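Okay, here's what each chain looks like letter by letter:
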There are 2 protein chains.
Amino acid sequence: MEEFTVRPNPADPRLTRRMVGVDQTGQPVETSVVTEQPLTVFLNGQEIVTMMTIGDFPDYLAVGYLVNQNMLRADDRIAGIDYDEDLATVVVRTERRTNYETKLRKKTLTSGCAQGTVFGDLMEKFDEVRLPADAILRTSWLYALSRKINLAPSLYLEAGAIHGCVLCEADRPLIYMEDVGRHNAIDKIAGYMRLNDVSPDGKIFYTTGRLTSEMVIKTVQMRIPIVISRSGFTAWGVELARQAGLTLIGRAKGKRFLALAGAERIVFDQDPEGVAEEDSRRQRKAAEKTMAEDL
Amino acid sequence: MEEFTVRPNPADPRLTRRMVGVDQTGQPVETSVVTEQPLTVFLNGQEIVTMMTIGDFPDYLAVGYLVNQNMLRADDRIAGIDYDEDLATVVVRTERRTNYETKLRKKTLTSGCAQGTVFGDLMEKFDEVRLPADAILRTSWLYALSRKINLAPSLYLEAGAIHGCVLCEADRPLIYMEDVGRHNAIDKIAGYMRLNDVSPDGKIFYTTGRLTSEMVIKTVQMRIPIVISRSGFTAWGVELARQAGLTLIGRAKGKRFLALAGAERIVFDQDPEGVAEEDSRRQRKAAEKTMAEDL
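Let's talk about the overall build of chain A
Thinking step 1. In terms of regular secondary structure, chain A is built from eight helices and 16 strands.
Thinking step 2. Among the 295 residues that make up chain A, the fraction classed as buried is 65%.
Thinking step 3. Nonlocal contacts in chain A, meaning residues at least 24 apart in sequence, comprise 58% of its contacts between residues at least 6 apart.
Thinking step 4. Accessible area of chain A: about 10,600 Å², with a carbon and sulfur share of 46%.

Now the structure itself:
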């Protein structure tokens, strides 16, 4: 697969709005702001969920959400995906008859951005997963990935207030999704993998978001053995990663990173002292263009 | 009310865990990581939701969640709040008999961190709210609030990967809550206000999180006319703020800020050129102690 087979398109006029406001001097200024709109997902006849999204790739988002909720099984044949822009709905149809009435009654809200989820169901398959022990991560790959991803034009650099997730292989970013919720971004990647038959073997997952329990569970369910984040950890996220044998790397910025699980997969082939600190004009969190802001 | 009547307690051993990992040089390091644990909220006999939280103030979190979901009415008498640490449950009891079966079936996932929510119900009262037109925000207050909040000891500075929300009045931070989800943090403030009979009059809301639709709706429902964030905006958040007459200020860091709604409440009484940029060793996003990380 080619580098950046899917990449953000900050020039897409549907994804940002120009808005006028007032700055600290009282002067009018115009800025780019990301869109946020509802999208309701149906599985066959059943309304599953309404989510807030920037609105690109509704098909990948819907399928990925259903996959990560264990509502679409590995052997399900998808008979159709109908997106209606005006109604803001996506209907995913399967040959199998589905009914998740009971599942839908149980609401669990996670620490993750953007999504509550059906947590019991997420955990349903967690214990069954065996992640490949022979996967490796070279630190030279980690540094190359961070550099390529942070320098790629993105909605983040254009407008801020958005999360990014990237499916990678060795030192190459392959599928780069952004969304107002980072769980939407990971779900869009899961949907892309399902619909394009992309194997998790040899893949590495990069995210701008925090490594909470839900992010760890989703990565494990997607069978990806290594995850790298610019952000920090929660204790439960770390415990679940250790339990599943997931390599969990956080606080990856410039030359620094910290692995709190699965460090045995890391091959230290690059001297961190040779890695440039992030250029403050380029780094995601201090881009002059968008002003520094937290996610 | 006194400054920092409620403030983070980073020394509380229940809120962080020391964890051992490996840094970029391959050397073992120990670091603080925030806890994340489930808490299930019941309203009378009905299970409402399970949320992931750091676990402090379960009573405020439960009541604030129910208030912000319009499940607790202004005239409801709370007959009891029972927290069971072992079961990880909070039961809120009201004199009125409640049944939200129908409401609970509709799941909406928002862009906000940490919580999906019942969006239709959030919007239920949105149109009725009239925010006070005579509220003001002096820019000297804004700068003083940012400085005081960022310098206060916090779990953020100790362990990162956490959001903060602060209820303020003029230049004084009053109630400072943190949580792995920023919607938990705002809900804990709503619960505190409800249980301690704190009026929203003259209050200002400060958050580290993004100004998405849900954050705007919650602030409006809490009748707080001014919100300040270190983070950015979504377009729908801005539109809802304009509709409700909320003053919406984002990207507030150092001397900079940007108001995209309700700028008429701002009194520019301080020359921004006199405001120090955030000390890079102190600022939330680059604290050496925790390493810079995104939320």
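A closer look at the sheet that holds strand S12 (residues 203-207) of chain B
Thinking step 1. Strand order in the open sheet formed by eight strands is S2(A)-S1(A)-S15(B)-S14(B)-S13(B)-S12(B)-S10(B)-S11(B), and the pairing between neighbours is mixed. Each having just a single partner strand, strand S2 (28-34) of chain A together with strand S11 (172-179) of chain B make up the two edges of the open sheet. Here the strands of the sheet are splayed against their neighbours by 30° on average, with no regard to which way each runs.
Thinking step 2. Across seven bridges, strand S10 (residues 163-169) of chain B lies against S11(B) in antiparallel orientation. Its bridge partner being in S11(B), Val166(B) is matched across the sheet by Tyr176(B).
Thinking step 3. Docked against the sheet, helix H7 (residues 213-221) of chain B engages S10, S12, strand S13 (226-229) and strand S14 (247-253) of chain B, running at close to 160° with respect to S12(B).
Thinking step 4. Here helix H8 (residues 235-244) of chain B sits on the sheet and contacts strand S1 (16-23) and S2 of chain A together with S14 and strand S15 (256-261) of chain B; the angle it forms with S1(A), its principal contact strand, is near 50°.

Side note on the sheet that holds strand S12 (residues 203-207) of chain A
Strand pairing in a sheet is mediated by backbone hydrogen bonds. Such pairs are either parallel or antiparallel.
Thinking step 1. Strand order in the open sheet formed by eight strands is S11(A)-S10(A)-S12(A)-S13(A)-S14(A)-S15(A)-S1(B)-S2(B), with mixed pairing between adjacent strands. Each of the sheet's edge strands pairs with one partner strand only, and the pair in question is strand S11 (172-179) of chain A together with strand S2 (28-34) of chain B. Within this sheet the neighbouring strands show an average axis-to-axis angle of 30°, counted without direction.
Thinking step 2. Where strand S14 (residues 247-253) of chain A meets strand S15 (residues 256-261) of chain A, four bridges bridge the pair, whose relative direction is antiparallel.

Some details on the pattern of salt bridges
Thinking step 1. Under the definition given, this model contains 28 salt bridges over all chains.
Thinking step 2. Salt-bridge contacts for Asp179(B) lead to Lys188(B); the nearest nitrogen and oxygen are separated by 2.8 Å. Considered together, Asp179(B) and Lys188(B) belong to a single accessibility category, that of buried residues.
Thinking step 3. Among the ionic contacts, a cluster of salt bridges with common partners joins Asp56(A), Asp179(A) and Lys188(A).

Side note on the packing of helix H1 (residues 58-68) of chain A against helix H6 (residues 182-195) of chain A
Residue and element names in this part refer to chain A.
Thinking step 1. Packing of H1 against H6 leaves a shortest axis separation of 6 Å and a crossing angle of 90°. Classed by the angle they form, the pair H1 and H6 counts as roughly perpendicular. Contacts from Asp59, Tyr60, Leu61, Val63, Gly64, Tyr65, Val67 and Asn68 of H1 reach H6 at Asn184, Ile186, Asp187, Lys188, Ala190, Gly191, Tyr192, Arg194 and Leu195.

Section: the confidence of the model for chain A
Thinking step 1. Per-residue confidence for chain A gives a mean pLDDT of 88; residues scoring 70 or more make up 88%.
Thinking step 2. Model confidence for the complex: the whole-complex pTM is 0.90, and ipTM, which rates the interface, is 0.88.

Thoughts on the side chain of Asn68(A)
Residue and element names in this part refer to chain A.
Thinking step 1. Turning to its location among the elements, Asn68 is positioned in helix H1.
Thinking step 2. A relative accessible area of 1% places Asn68 in the buried class.
Thinking step 3. Within polar-contact distance, the side chain of Asn68 engages the side chain of Asp187 at 2.7 Å.

So, the packing of aromatic side chains
All names here are of chain B.
Thinking step 1. Applying the stated rule across the entire model yields ten aromatic pairs over all chains.
Thinking step 2. Seen from their ring centres, Phe57 and Tyr60 are 5.6 Å apart, and the 35° between their planes marks the pair as tilted.
Thinking step 3. For the ring pair Phe257 and Phe268, a centre distance of 6.4 Å and an interplane angle of 20° mean the geometry is stacked. Of this pair, Phe257 sits in strand S15 while Phe268 sits in the segment after strand S16 (266-267), placing them eleven residues apart in sequence.

Focus: H7(B)
Residues and elements named next belong to chain B.
Thinking step 1. Judged by how many residues are buried, H7 sits mostly within the fold: nine of nine residues are covered.
Thinking step 2. All of the buried residues along H7 are Ser213, Glu214, Met215, Val216, Ile217, Lys218, Thr219, Val220 and Gln221.
Thinking step 3. Downstream of H7 by one or two residues, Arg223 has phi in the positive range, about 65°.

Focus: the pairing of S2(A)
All names here are of chain A.
Thinking step 1. As paired strands, S1 and S2 are joined by seven bridges and run antiparallel to one another. Bridge assignment links Gly21 to a residue of S2, and that residue is Val29.
Thinking step 2. If you look at the hairpin formed by S1 and S2, you'll find four residues sitting between the two strands, and Gly26 has a positive phi there, around 85°.

Quick look at unusual backbone geometry
Thinking step 1. A positive phi angle, near 50°, is found at Asn44(B), a position not held by glycine.
Thinking step 2. Within the fold, Asn44(B) resides in the loop between strand S3 (37-43) and strand S4 (46-53).

Describing the environment of Val91(B)
Residues and elements named next belong to chain B.
Thinking step 1. Position of Val91 relative to the elements: it lies in strand S6 (residues 89-94).
Thinking step 2. Looking at Val91, the relative accessible area reads 15%, which means it is buried.
Thinking step 3. A sequence separation of 51 residues divides Val91 from Thr40, and the C-alpha atoms of the two residues are 8.5 Å apart.
Thinking step 4. Once you skip the residues sitting within four places of it in the chain, Val91 turns out to touch Phe42, Asn44, Gly80, Ile81 and Asp82.

Quick word on the packing of helix H6 (residues 182-195) of chain B against H7(B)
A pair of packed helices can be characterised by two numbers: the angle between their axes and the separation between those axes.
Residues and elements named next belong to chain B.
Thinking step 1. Running from N to C, H6 and H7 point in directions that differ by 0°, and their axes come no closer than 11 Å. Taken together, H6 and H7 sit at an angle that is classed as roughly parallel. Each of Arg182, His183, Ile186 and Asp187 in H6 lies in contact with H7, whose residues at this interface are Glu214, Met215, Lys218 and Thr219.
Thinking step 2. Within the contact of H6 with H7, the residues separate by chemical class into two nonpolar, two polar and four charged.

A few points about the pairing of S15(B)
Thinking step 1. Counting buried positions along S15(B) gives five out of six residues, so the element sits mostly inside the fold.
Thinking step 2. As defined by bridge partners, S1(A) adjoins S15(B) across two bridges and the pair is classed as antiparallel. Pairing of Asp23(A) across the sheet is with Leu258(B), part of S15(B).
Thinking step 3. Here S14(B) hands over to S15(B) after two residues, with Gly254(B) in that stretch at a positive phi of 55°.

What to know about the environment of Glu3(A)
Residue and element names in this part refer to chain A.
Thinking step 1. Here Glu3 lies in the segment before S1.
Thinking step 2. For Glu3, a relative accessible area of 33% translates into the label partly exposed.
Thinking step 3. Sequence separation of Glu3 and Tyr176 is 173 residues, and the distance between their C-alpha atoms is 9.8 Å.
Thinking step 4. In this view, Glu3 contacts Lys148, Asp171, Arg172, Pro173 and Leu174; residues no more than four positions away in its chain are not counted.
Thinking step 5. A polar contact of 3.2 Å, which involves the side chain of Glu3, links it to the side chain of Lys148.

Conventions used here
Residues numbered from 1 in each chain as written. Chains lettered and ligands numbered in written order. Predicted model: local features only at pLDDT ≥ 70, side-chain atom pairs only at ≥ 80, totals over all residues. Heavy atoms only, no water. Helix = DSSP H or I, 4+ residues; strand = E, 2+ residues; numbered from the N terminus. Buried < 20%, exposed > 50% of the residue type's maximum accessible area, 1.4 Å probe, protein only. Contact = heavy atoms within 4.5 Å. Areas by Shrake-Rupley, 256 points an atom, 1.4 Å probe, with all protein chains shown as cover. Pairing = 2+ DSSP bridges. Axes fitted to C-alpha atoms, helices over the stretch in contact; angles between N-to-C directions. Salt bridge = Lys/Arg side-chain N within 4 Å of Asp/Glu carboxyl O. Parallel < 35°, antiparallel > 145°, perpendicular 65-115°, else oblique. pLDDT = per-residue confidence, 0-100. Polar contact = N/O pair within 3.5 Å; in protein donor to acceptor, adjacent residues only side chain to side chain. Phe/Tyr/Trp six-rings, centres within 6.5 Å; stacked < 30°, edge-to-face > 60°. Nonpolar A, V, L, I, M, F, W, Y, C, P; charged D, E, K, R; others polar.

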